[in-house]
Amino acid sequence: MKAETGDRTIHILDPATVNKIAAGEVIERPASVVKELVENAIDAGARTIRIDLSSSKEAITAIRVTDNGKGMSPDDAVLAFTPHATSKITGIEDLDAIRTLGFRGEALASIAAVSRVTLLTKPHGTGAVSGTRVVLEAGEVKEQGETGTPEGTNILVQDLFFNTPARKKFQKTIGTELAHITNTIEGLALAHPEISVSLNHNGRAVITTEQSSRLLDTIARLFGSTIARDLVPVEFSGPLVSVTGYISRPAVFRKNQSRILISINGRYVASPPVNNAIIEGYGTLLSKERFPVVFLFLTIDPALVDIHVHK
Ligand code: ADP
Ligand code: MG
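Residues numbered from 1 in each chain as written. Chains lettered and ligands numbered in written order. Predicted model: local features only at pLDDT ≥ 70, side-chain atom pairs only at ≥ 80, totals over all residues. Heavy atoms only, no water.

(A) Local environment of the site of ligand 1. Near ligand 1, the surroundings consist of 18 residues, among which Asn40, Thr86, Ser87, Lys88 and Gly105 are the closest. Arg104 places a main-chain nitrogen or oxygen 3.0 Å from an oxygen atom of ligand 1. The side chain of Thr153 places a nitrogen or oxygen atom 3.3 Å from a nitrogen atom of ligand 1. When ligand 1 sits alone it has 530 Å² of accessible area, and the protein chains cover 93% of it. A breakdown of the residues in the shell around ligand 1 according to their chemical character gives seven nonpolar, seven polar and four charged. (Near = heavy atom within 4 Å. Polar contact = N/O pair within 3.5 Å; in protein donor to acceptor, adjacent residues only side chain to side chain. Areas by Shrake-Rupley, 256 points an atom, 1.4 Å probe, with all protein chains shown as cover. Nonpolar A, V, L, I, M, F, W, Y, C, P; charged D, E, K, R; others polar.)

(B) Structural detail: the environment of Thr90. Residue position: Thr90 is located in the loop between helix H3 (74–79) and helix H4 (107–113). Sequence separation between Thr90 and Asn202 is 112 residues, and the spatial gap between their C-alpha atoms is 40 Å. (Helix = DSSP H or I, 4+ residues; strand = E, 2+ residues; numbered from the N terminus.)

(C) Structural context of the packing of helix H2 (residues 30–43) against helix H6 (residues 174–191). Packing of H2 against H6 leaves a shortest axis separation of 8 Å and a crossing angle of 20°. Considered as vectors, H2 and H6 are oriented roughly parallel to each other. For the crossing formed where H2 meets H6, the hand is right-handed. Only Glu177, His180, Ile181, Thr184, Ile185 and Leu188 of H6 make contact with H2, whose side of the interface consists of Pro30, Ala31, Val34, Lys35, Val38, Glu39 and Ile42. For the contact of H2 with H6, a count of residues per class yields eight nonpolar, two polar and three charged. (Axes fitted to C-alpha atoms, helices over the stretch in contact; angles between N-to-C directions. Parallel < 35°, antiparallel > 145°, perpendicular 65-115°, else oblique. Left-handed = near helix turned anticlockwise from the far one by under 90°. Contact = heavy atoms within 4.5 Å.)

(D) Representation of the pattern of salt bridges in the model. Overall, the coordinates contain 12 salt bridges when judged by the stated rule. For Arg29, the salt bridge is made with Glu177, and the minimal N-O distance between the two is 3.1 Å. A residue pair is termed long-range when its members are at least 10 positions apart, and Arg29 in the loop between helix H1 (15–26) and H2 and Glu177 in helix H6 qualify at 148 residues. Both residues of the pair, Arg29 and Glu177, count as buried. The partner of Asp159 in a salt bridge is Arg116, and the shortest N-O contact between them spans 2.6 Å. Residue Asp159 is found in the loop between strand S6 (152–158) and helix H5 (165–169), and its partner Arg116 is found in strand S3 (residues 116–122); the two are separated by 43 residues along the sequence. The partly exposed category is assigned to Arg116, whose relative accessible area is 27%. In this structure, a network of salt bridges that share partners links the residues Lys35, Glu36 and Glu39. (Salt bridge = Lys/Arg side-chain N within 4 Å of Asp/Glu carboxyl O. Buried < 20%, exposed > 50% of the residue type's maximum accessible area, 1.4 Å probe, protein only.)

(E) Looking closely at H6. In this model, H6 (18 residues) spans 26 Å end to end at C-alpha, consistent with the 26 Å of a helix rising 1.5 Å per residue. Counting buried residues along H6, 13 of its 18 residues qualify, which places the element largely inside the surrounding structure. (Expected span 1.5 Å × (residues − 1).)

(F) Focus on the pairing of S6. Counting buried positions along S6 gives six out of seven residues, so the element sits mostly inside the fold. Where strand S2 (residues 60–67) meets S6, six bridges bridge the pair, whose relative direction is antiparallel. Note on S6: the bridge partner recorded for Ile63 is Val157. (Pairing = 2+ DSSP bridges.)

(G) A look at the packing of H6 against helix H7 (residues 215–223). With their axes 9 Å apart at the nearest point, H6 and H7 run at an angle of 160° to one another. Our classification of the angle between H6 and H7 gives roughly antiparallel. In the crossing of H6 with H7, the sense of the turn from one axis to the other is right-handed. On H7, the residues that touch Glu186, Ala189 and Leu190 of H6 are Leu215, Thr218, Ile219, Leu222 and Phe223.

(H) Molecular detail of the packing of aromatic side chains. Scanning the entire structure with this criterion turns up one aromatic pair. A ring pair is formed by Phe223 and Phe295, whose centres lie 5.5 Å apart and whose planes are at 20°; its orientation type is stacked. With a gap of 72 residues between them, Phe223 in helix H7 and Phe295 in strand S13 (residues 294–300) connect regions that are remote in the sequence. For Phe223, a relative accessible area of 14% puts it in the buried group. Over the face of the ring belonging to Phe162 we find Arg116, whose NZ or CZ atom lies 4.0 Å from the ring centre. (Phe/Tyr/Trp six-rings, centres within 6.5 Å; stacked < 30°, edge-to-face > 60°. Lys NZ or Arg CZ within 6 Å of the ring centre and 35° of its normal.)

(I) Representation of the sheet that holds strand S11 (residues 260–264). The five strands are arranged S9-S10-S13-S11-S12 in an open sheet whose pairing can be described as mixed. Edge positions in the sheet fall to strand S9 (231–237) and strand S12 (267–269), since each has one partner strand and no second. Put simply, the sheet's adjacent strands are angled 20° from each other on average, direction ignored. Here S11 runs beside S12; their pairing, made up of three bridges, is antiparallel. Along S12, the bridge assignment pairs Ser263 with Tyr268.

Below, the structure written as structure tokens:
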């Protein structure tokens, strides 16, 4: 809407433009798509999550996330792609008790606005015979109907940023994008040892974790049993916060902070003050330029955490 009427220079943006701008904030790169889809699968109670990536020489061409979570009804399958559509909160007061990773209802709408999406889903345990297939392009529903599909949800995202060329150009090499995706999956898998997570790239397995109640098993799967052997368990429970996880003995270290992973209520936080506090905790046991391996999971009353901050 470029028209200027009378003395007005201000105009209201059309919904398609609004959606594209909003999408730009939520979906920066392929790893953002992976993060949002895997978080949705976790929120849906999945016990198995599989991520399949396809790439050409230049770019990641397809991202598929398959879960065995609760699935969606035919109506929800379409509604899920509308901006601000969520099943996780109904009002602002619910934010103080939020236990899910998502709640804004903008991820699927944002992904769909800048790609081609095919959703297959069937609700769990309702005895539904067939599932639902929805195809969207640039946020518009192109096809919808019944389909045979297992219980759970399967979302395929293709041609990411096909309609936002500036964002497409900004994408880094496949190697960089894959590294971002791998980090994202590692973080989510560590926060959820009870879920089996696999990441495959062009048919080759990159990450596989088995369902286990033990975080140490997941750490060993992801980073090797040598690291896992040298970790010391941390267990603390106070009135405001409880902490579980593992930290390395001073003899085990890294040259950077990439293996300091902290989550609060299942959400990864990149917080320099928290990292610094941990590093300072080692005092003179670790010399300069040496960093510990840390996996710490904090549980805090949701009312004390500000989750309004993006990411
Ligand atoms: P949010 O996660 O913030 O609610 P999303 O846009 O990510 O918003 O998802 C919208 C809604 O679609 C969710 O609230 C949920 O009800 C449904 N949904 C999305 N992904 C899945 C999934 N993998 N399994 C079941 N339901 C899903
Ligand atoms: Mg979500």
